[in-house]
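Survey of secondary and tertiary structure
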Amino acid sequence: MSCIFCKIVEGSIPSTKVYENEHVLAFRDIQPAAPVHILIIPKKHIATMNDVEPDDRGLIGDLHIAAQEIAKQEGVFESGYRLINNCGADSGQVVFHIHYHLLAGEKLGALNAK
Ligand code: 5GP
Ligand code: ZN
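Below is a short write-up of the structure. (Residues numbered from 1 in each chain as written. Chains lettered and ligands numbered in written order. Predicted model: local features only at pLDDT ≥ 70, side-chain atom pairs only at ≥ 80, totals over all residues. Heavy atoms only, no water.)

Side note on the environment of glutamate 69
With respect to the element layout, glutamate 69 can be found in helix α2 (residues 57-73). Using a relative accessible area of 31% as the deciding quantity, one classes glutamate 69 as partly exposed. Taking the C-alpha atoms as reference points, glutamate 69 and tyrosine 19, separated by 50 residues in sequence, lie 8.3 Å from one another. (Helix = DSSP H or I, 4+ residues; strand = E, 2+ residues; numbered from the N terminus. Buried < 20%, exposed > 50% of the residue type's maximum accessible area, 1.4 Å probe, protein only.)

What to know about the packing of aromatic side chains
Applying the stated criterion across every chain, the model contains one aromatic pair. Judged by centre distance (5.4 Å) and plane angle (80°), the ring pair of phenylalanine 5 and phenylalanine 27 falls under edge-to-face. With a gap of 22 residues between them, phenylalanine 5 in helix α1 (residues 4-10) and phenylalanine 27 in strand β2 (residues 24-28) connect regions that are remote in the sequence. The ring of phenylalanine 77 carries lysine 72 above its face, with NZ or CZ at 4.9 Å from the centroid. (Phe/Tyr/Trp six-rings, centres within 6.5 Å; stacked < 30°, edge-to-face > 60°. Lys NZ or Arg CZ within 6 Å of the ring centre and 35° of its normal.)

Remarks on the side chain of threonine 48
Along the chain, threonine 48 turns up in the loop between β3 (36-42) and α2. Of the polar contacts made by the side chain of threonine 48, one reaches the backbone nitrogen of asparagine 50; its length is 2.9 Å. Excluding its chain neighbours within four sequence positions, the residues that come into contact with threonine 48 are Cys87, Gln93, Phe96 and Ile98. (Polar contact = N/O pair within 3.5 Å; in protein donor to acceptor, adjacent residues only side chain to side chain. Contact = heavy atoms within 4.5 Å.)

Looking at the site of ligand 1
Taken together, 16 residues lie near ligand 1, and Arg28, Asp29, Val94, His99 and His101 sit nearest. In this structure, a nitrogen atom belonging to ligand 1 sits 3.3 Å away from a main-chain N or O atom of isoleucine 30. At 3.0 Å, a backbone N or O of glycine 92 approaches an oxygen atom of ligand 1. Coverage of ligand 1 by the protein chains reaches 85% of its 530 Å² of free accessible surface. Of the residues belonging to the shell around ligand 1, the class tally is eight nonpolar, six polar and two charged. (Near = heavy atom within 4 Å. Areas by Shrake-Rupley, 256 points an atom, 1.4 Å probe, with all protein chains shown as cover. Nonpolar A, V, L, I, M, F, W, Y, C, P; charged D, E, K, R; others polar.)

Right under this line is the structure:
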């Protein structure tokens, strides 16, 4: 398995974990773009948002529940946070294991398509 995030799930690549349950793992981004920058992933390998299937409905919900919990842990539940999924080449997706970026900890800039 060459997927870097699957290796993080297995533990063969280290990460700074902030949240884990049976189906979900979250860890700090190695190149943070905000004071809080956490990646939230399913333990199951799904390459992109386009590969989500109806049976994954619960799992995608689990990622959102995890995001709430992490926001509480990080102290940004009230101040606010942004969840981003990049899907495919034009979005800038570089790791092809589906993930949400949770960004917070400062006033984030307006969303910008460029
Ligand atoms: P994408 O552009 O695919 O949405 O984002 C991938 C993210 O994964 C990037 O923000 C990048 O910094 C992060 N990343 C890539 N490799 C690693 C790694 O080995 N460990 C951690 N913690 N983050 C990584
Ligand atoms: Zn994977």
